[in-house]
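An overview of the molecular structure
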Amino acid sequence: MGRIVVGVDGSDPSIKALHWAVRQAELTGDTVEAVNSWEYPATSWASMMPGLPEDFDPQALATVSLNEALEEALGEEGAAAVTKIVVIGNPAQTLLDRARGANLLVVGARGRSGLKATLLGSVSLHVTQHAPCPVTVVRD
């Protein structure tokens, strides 16, 4: 029994990737690991933003976001069967790091990056070029 890593940022393509990963895991007996990562805004942008409240906890917000996306997509029981990983870091690098030792890495064709003109999003393009395991890019 191995591990399937799937990037889940809550976007429609990532939810499709999640469904694909869960179905694949049912066929192979692998476990599913849903990964969400977050980053602080770039310094130049941060200087134009109002100060953040002292109780602002991006790790907790990302965790809630991942849990909600999983429960909405898979139901409570399905979401409970998925390992949830939330970390600070660049999304592409985080997925590459988590994919070490995995049987498969699954991503959506586009996430929340805003690069709508490309066939693959920046994360999916990066992981297909550098992943330490096979990659599936789920498209519409």
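Rules used throughout
Residues numbered from 1 in each chain as written. Predicted model: local features only at pLDDT ≥ 70, side-chain atom pairs only at ≥ 80, totals over all residues. Heavy atoms only, no water. Helix = DSSP H or I, 4+ residues; strand = E, 2+ residues; numbered from the N terminus. Buried < 20%, exposed > 50% of the residue type's maximum accessible area, 1.4 Å probe, protein only. Areas by Shrake-Rupley, 256 points an atom, 1.4 Å probe, with all protein chains shown as cover. Patch = residues over 30% accessible without salt bridge, like charges linked within 9 Å, V, L, I, M, F, W, Y side chains within 5 Å. Salt bridge = Lys/Arg side-chain N within 4 Å of Asp/Glu carboxyl O. Lys, Arg positive; Asp, Glu negative; His and termini not counted. Charge placed at Lys NZ, Arg CZ, Asp CG, Glu CD. Contact = heavy atoms within 4.5 Å. Polar contact = N/O pair within 3.5 Å; in protein donor to acceptor, adjacent residues only side chain to side chain.

What follows is about the overall build of the chain. What the chain contains, in helices and strands, is five helices and five strands. Listing each helix as α and each strand as β along the chain from the N terminus yields β-α-β-α-α-β-α-β-α-β. Within the chain, buried positions represent 38% of all 140 residues. Accessible area of the chain: about 8200 Å², with a carbon and sulfur share of 54%.

Taken together, Glu-68, Glu-71, Glu-72, Glu-76 and Glu-77 make up a surface patch of like negative charges. Relative to the helices and strands, Glu-76 is located in helix α3 (residues 58-80). Judged by relative accessible area, which is 64%, Glu-76 ranks as exposed.

For helix α4 (residues 91-99), the set of buried residues is Ala-92, Thr-94, Leu-95, Leu-96 and Ala-99. Residues of α4 that are buried sit in contact with β1 (3-7), β2 (31-38), β3 (83-88), β4 (104-108) and α5 (122-130). The N-cap of α4, judged by a side-chain oxygen 3.0 Å from the amide nitrogen of Ala-92 a few residues on, is Asn-90. Within two residues after α4, Gly-101 carries a phi angle of roughly 85°, on the positive side.

It is worth spelling out the environment of Glu-33 at this point. Mapped onto the elements of the fold, Glu-33 is located in strand β2. A relative accessible area of 5% means that Glu-33 is categorised as buried. Measuring from C-alpha to C-alpha, the distance between Glu-33 and Ala-99 comes to 9.7 Å, with 66 residues separating the pair along the chain. Not counting residues up to four positions away in its chain, the partners in contact with Glu-33 are Arg-3, Ile-4, Val-5, Val-6, Thr-83, Ile-85 and Arg-98. Reaching out from Glu-33, the side chain makes a polar contact with the side chain of Arg-3 at a distance of 3.4 Å.

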